[in-house]
Amino acid sequence: MLMKQLTGVSYQTASPPQWHGGHGVYVVYMGSRGTNENPDEILKQTHQMLSLVHGGSFEQAQASHIYSYRHSFRGFAAKLTEDQAQELTRIPGVVSVFPNLKRSLHTTHSWDFMGLDTNEAMEISGYSTKNQENVIIGFIDSVVCFNVNGQWGKYAHRSSIKLVRVLISELFYSGIWPESPSFSDRNMPPVPSTWRGECQAGEEFNSSSCNRKVIGARYYVSGYEAEEENFTRMGKFKSPRDSSGHGSHTASIAAGRYVMNMNFNGLAAGGARGGAPMSRIAVYKSCWDFGCYDVDLLAAFDDAVRDGVHIISLSLGPSSPQGDYFSDAISMGSFHATSRGILVVSSVGNEGSQGSATNLAPWLITVAASSTDRDFTSDVVLGDGSSYKGESLSLFETNASTRIIAASEAYTGYFTPYQSSYCLESSLNSTKARGKVLVCRHAESTSESKLAKSKIVRDAGGSGMILIDEVDKDVAIPFVIPAAIVTSEIGDKILSYINHTRSPTTQIFSPKTVIGTLPAPRVTAFSSKGPNSLTPEILKPDVMAPGLNILAAWSPAIGKLNFNILSGTSMACPHIAGIVALIKAVYPSWSPSAIKSAIMTTATVVDKNRRPLTVDPTGINGTPFDYGAGFVNPTRVLNPGLVYDAQDIDYKAFLCAIGYDDKSLQLITRDTNSICNHQSVMSTAATASDLNYPSITVPNLKDSYSVRRTVTNVGTPMSVYKAVVSSLPGVNVTVSPKILTFSNYGEKKNFTVNFEVIAPTASTSPSAYRKGSYVFGSLTWQRSSKGKLRVKSPLAVRIITV
């Protein structure tokens with residue numbers, strides 16, 4: 001297949017192209033445009049050229065002309081017969097003429113954006129990932145959104161599922177819709193012989209619902225039934241079947257098969273695939289309408305371990321602030337899964353504020369959410385001709401310029417204009433709102449549904465809505481009327497126009513898919529952030545992956561949709577799970593911590609323009625508390641050079657370092673030999689900072705402090721690495737030894753990183769010595785051979801003395 005790259009979008013076409021029979025649309029390409037060529041003159045020349053193949057008729061030439069390419073390169077598109085197209089190839093200056101073949105835009109665009117192969121094999125250059133068919137990903141997955149009282153479920157990760165609250169009747173569970181084309185088992189080999197799971201029957205789900213792709217499915221309800229009196233409200237399907245869409249969505253992101261025409265009501269149309277499309281899927285549905293109970297979650301973990309999964313993907317988590325590791329089902333279940341070689345990937349949460357990160361256990365991979373370079377924009381044109389872009393998934397547009405008012409002008413009853421400006425339920429006067437576009441606000445600290453606001457405006461007779469919301473910038477919403485979300489800055493301009501115009505009007509156009517939006521990637525506004533509130537010595541999140549406006553499979557039980565666009569760290573999590581599957585396919589013997597290390601140390605902290613990663617909505621430069629080690633780079637994860645490996649003994653030492661005693665440790669491990677003062681444990685991690693982690697955090701630096709690390713060579717047997725440290729303001733960092741020399745694959749080397757507070761001088765930045773503030777940098781082990789391989793770890797240090 002011939003692959004062409006245009007504006008960040010992969011297009012696929014057969015090579016060589018076939019000519020149309022009869023009339024068709026053709027592209028005539030004429031190379032680069034000269035610097036002195038006038039675009040208008042080029043258009044004139046285009047018509048002259050076309051007239052040559054239309055018997056000299058300028059009228060026919062103009063009628064056949066479709067596009068002129070006259071800015072970055074020369075050429076045009078026109079309706080032609082095959083003979084006319086052939087004739088144009090003989091004209092001097094024409095480079096090529098080819099038919100307008102249909103191209104399929106590749107989505108879930110995030111995988112293209114991250115640079116992975118565009119075919120279903122998802123190969124990484126220089127490696128074969130064909131063994132992914134023997135990798136099994138278990139999904140214990142849900143975002144339990146609002147219940148009838150508008151409260152979050154117990155394990156609610158506030159992803160953009162909130163934005164479809166009304167569409168899905170306010171209920172979210174997990175599960176799978178096995179009939180989705182994303183879960184086809186075409187051309188897949190038999191189920192791996194290591195699989196020990198089952199396909200559990202239930203409502204509208206039986207043993208034949210599974211196949212060679214979805215090889216296992218279970219559901220768990222005992223904990224729910226024990227706690228909730230009203231069993232009838234647990235969901236549409238008391239079975240592994242997906243009644244919300246979320247489970248199918250996340251599973252297809254990680255491991256969905258190639259689907260030729262995936263789209264959301266025409267938006268983002270094209271082919272789509274998951275990260276490891278030949279890997280197997282096992283589903284463990286354990287979440288219902290009021291949340292996910294610990295006993296059900298732990299049962300799911302237990303079965304997943306027994307069934308033989310290799311990876312567990314968890315798009316759920318505890319509320320912030322998180323409690324003790326072993327009073328939390330996810331931390332507990334993942335600890336035991338990890339001890340059996342199963343890597344657990346989790347979402348960091350969607351509260352968006354500093355210190356709100358959850359899933360904090362060091363044996364987890366905790367994932368933050370980023371944007372890609374794809375947006376869904378709706379143009380808002382005001383009566384004075386000014387035009388602004390908003391985000392929307394609405395299928396509607398205003399047919400003509402329409403009167404626009406601030407929602408505060410339509411206040412009614414006991415509501416003040418200020419209250420009505422937020423378009424609250426029953427706050428709008430239908431007489432004032434009827435037939436108009438309303439400008440509504442969305443409060444930063446509230447979680448009411450933006451989609452619900454569009455219903456409130458519609459029910460009041462409004463013909464459209466402009467929603468001012470700065471916090472959830474770039475999250476697209478499937479509104480029920482013509483509507484678009486704009487930032488506060490744009491909202492202020494629109495309100496100023498309304499206030500200074502006698503009869504203000506606007507027109508809202510239907511959204512379109514835009515590829516190439518920059519800067520990208522960016523940290524999303526909703527992604528929860530560090531520092532780690534439970535164990536500050538462990539940096540969380542670990543890494544960042546796409547989680548904004550992600551197109552993937554859906555359950556047709558919800559809105560009769562087969563595919564949907566969602567946002568949240570719930571979407572970022574399965575991106576990493578898919579990458580883990582690719583690594584596992586190449587290196588099946590690697591430990592969970594080695595795979596985590598490979599993902600973290602190869603991540604990038606710059607965007608596509610090589611500028612520092614920024615954070616929405618402010619656009620300020622991010623820190624490791626926002627994105628961990630950085631944005632995942634799947635093209636590099638199979639060649640990390642060195643890894644920071646950790647085994648059971650390391651995690652036991654970590655628990656001892658944070659205060660667990662022999663009795664509690666033995667209860668956790670069920671090993672009477674687990675003793676905190678045992679020599680092997682004491683030598684592994686004297687403090688929590690000494691856990692052999694791919695990042696280093698020192699939360700209480702007074703004068704000086706040292707941490708120890710061990711790296712394992714998984715690259716070239718004979719190799720030499722040199723330590724390179726980026727500066728931390730106010731801290732002197734030294735590494736001993738500075739050079740690591742390896743002779744064999746699998747060889748381990750120890751080193752120490754020393755941190756020392758620098759005495760302030762007159763020229764020192766005051767921020768570097770602000771008491772209680774963190775400073776950030778990095779430690780990179782750089783291989784001196786060809787290619788300059790780099791193994792990079794983030795550093796976070798908090799100076800507590802001045």
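Keep in mind it's a predicted model, so treat the numbers as computed, not measured.

I'd like to hear about the overall build of the chain, residue by residue, with values.
Per the secondary structure count, the chain includes 18 helices and 36 strands. Across the chain, every contact between residues at least 6 apart in sequence was considered, and the portion connecting residues at least 24 apart equals 74%.

Summarise a positive patch on the surface; cite the residues concerned and give the values.
A cluster of basic residues, K722, K738, K788 and R790, forms a positive patch on the protein surface. Look at R790 and you get partly exposed, because its relative accessible area is 40%.

So what about helix α11 (residues 450–459)? Which residues, and what values?
The element α11 is extensively covered by neighbouring structure, given that seven of its ten residues are classed as buried. Where α11 is concerned, the buried positions are K450, L451, A452, K453, S454, I456 and V457. Among the structural elements, β18 (437–441), β19 (464–468) and β20 (483–486) are those in contact with the buried residues of α11. Measuring from the backbone nitrogen of L451 back to the side-chain oxygen at the start of α11 gives 3.1 Å, which picks out S449 as the cap. Count one or two residues on from α11 and you reach G461, which has phi positive near 95°.

Lay out the state of the cysteines in plain terms, naming residues and giving numbers.
Tallying each qualifying case throughout the model produces three disulfides. Note on cysteine connectivity: C199 is disulfide-linked to C210, with sulfurs 2.0 Å apart. Around the S-S axis, the bridge from C199 to C210 shows a dihedral of about 85° and counts as right-handed. With C199 in the loop between β7 (136–139) and β8 (214–219) and C210 in the loop between β7 and β8, this residue pair connects regions lying eleven residues apart in the sequence. Residue C199 shares its accessibility class with C210, and that shared class is buried. Note that C656 is cross-linked by a disulfide to C676, the S-S spacing being 2.1 Å. The chirality of the disulfide connecting C656 with C676 is left-handed, given an S-S dihedral of about -85°. Of this pair, C656 sits in helix α16 (residues 648–657) while C676 sits in the loop between α17 (662–669) and α18 (679–682), and the two are 20 residues apart along the sequence. Residue classification places C676 among the buried positions, given a relative accessible area of 16%.

So what's going on with the nonpolar core? Which residues, and what values?
I312, V345, W363, I576 and I599 are the most contacted members of the largest nonpolar core, which has 128 residues in total. The residue makeup of this core includes at least three contributed by each of domain 2 (132–148 + 167–373 + 521–621) and domain 3 (375–512). Excluding anything up to four places from it in sequence, I576 contacts V345, I365, V367, V543, A545, I599 and V632. Formed by 27 residues, the second largest nonpolar core is a distinct cluster that contains V698, F742, F751 and V797.

Which residues make up the sheet that holds strand β12 (residues 311–314), and what values go with them?
Hydrogen bonds between backbone atoms are what pair the strands of a sheet, whose relative direction is either parallel or antiparallel. The strand order across the open sheet formed by seven strands is β8-β11-β7-β12-β13-β14-β23, and the pairing between neighbours is parallel. The sheet terminates laterally at β8 and β23 (543–546), the two strands that pair on one side only. With direction set aside, neighbouring strand axes in the sheet form an average angle of 25°. Two elements, strand β13 (residues 343–347) and strand β14 (residues 364–370), share four bridges in a ladder whose sense is parallel. By the bridge assignment, S347 is partnered in β14 with V367. Lying on the sheet, helix α6 (residues 246–255) is in contact with β7 and β11 (280–285); it crosses β7 at an angle near 160°.

Any details on the sheet that holds strand β28 (residues 642–643)? Residues and values, ideally.
The strand order β28-β30-β34-β32 describes an open sheet built from four strands, whose pairing is antiparallel. Each of the sheet's edge strands pairs with one partner strand only, and the pair in question is β28 and β32 (731–736). Inspection of the sheet shows strand β30 (residues 704–713) paired to strand β34 (residues 748–757) by nine bridges, in the antiparallel sense. Bridge pairing in β34 places R709 opposite F751.

How would you explain the pairing of β11 if you had to name every residue and give the values?
When you tally the buried positions in β11, you get six out of six residues, the bulk of the element. On β11, burial covers both faces: R280, A282 and Y284 on one face and I281, V283 and K285 on the other are all buried. As paired elements, β7 and β11 share four bridges and run parallel to each other. Each bridged residue has a counterpart across the sheet, and for I137 the counterpart in β11 is I281. Summarising the sheet, β8 and β11 pair through five bridges and their orientation is parallel. By the bridge assignment for β11, A217 is matched with V283.

Describe the packing of α16 against α17, with residues and values.
Viewed as axis vectors pointing N to C, α16 and α17 meet at an angle of 145°, and their least axial separation amounts to 10 Å. Judged by the sense of rotation from one axis to the other, the crossing of α16 with α17 is right-handed. Of the residues in α17, those in contact with K652, L655 and C656 of α16 are L665, I668 and T669.

Can you explain the side chain of S346? Please cite residues and give values.
Here S346 lies in strand β13. Look at S346 and you get buried, because its relative accessible area is 0%. Apart from residues no more than four positions distant in its own chain, S346 is found in contact with L314, N359, L364, I365, T366, V367 and C573.

Would you mind going over the side chain of D469 in detail, with residue names and values included?
For D469, the position within the fold is in the loop between β19 and β20. At 3.5 Å, the side chain of D469 and the side chain of K450 are in polar contact. Residues in contact with D469, not counting those within four places in the same chain, are H442, K450, I485, V486 and T487.

Which residues make up unusual backbone geometry, and what are the values?
The linkage connecting G530 with the following residue, P531, adopts the cis geometry, with an omega of 10°. On the secondary structure map, P531 appears in the loop between β22 (512–515) and β23. Cis geometry is adopted by the peptide bond preceding P541, which originates at K540 and carries an omega value of 0°. Its location among the elements puts P541 in the loop between β22 and β23.

Conventions used here
Residues numbered from 1 in each chain as written. Predicted model: local features only at pLDDT ≥ 70, side-chain atom pairs only at ≥ 80, totals over all residues. Heavy atoms only, no water. Helix = DSSP H or I, 4+ residues; strand = E, 2+ residues; numbered from the N terminus. Contact = heavy atoms within 4.5 Å. Patch = residues over 30% accessible without salt bridge, like charges linked within 9 Å, V, L, I, M, F, W, Y side chains within 5 Å. Areas by Shrake-Rupley, 256 points an atom, 1.4 Å probe, with all protein chains shown as cover. Salt bridge = Lys/Arg side-chain N within 4 Å of Asp/Glu carboxyl O. Lys, Arg positive; Asp, Glu negative; His and termini not counted. Charge placed at Lys NZ, Arg CZ, Asp CG, Glu CD. Buried < 20%, exposed > 50% of the residue type's maximum accessible area, 1.4 Å probe, protein only. Polar contact = N/O pair within 3.5 Å; in protein donor to acceptor, adjacent residues only side chain to side chain. Disulfide = S-S within 2.5 Å. Core = buried A, V, L, I, M, F, W, Y, C linked by side-chain atoms within 4.5 Å. Domains from an automatic or database assignment. Pairing = 2+ DSSP bridges. Axes fitted to C-alpha atoms, helices over the stretch in contact; angles between N-to-C directions. Left-handed = near helix turned anticlockwise from the far one by under 90°.

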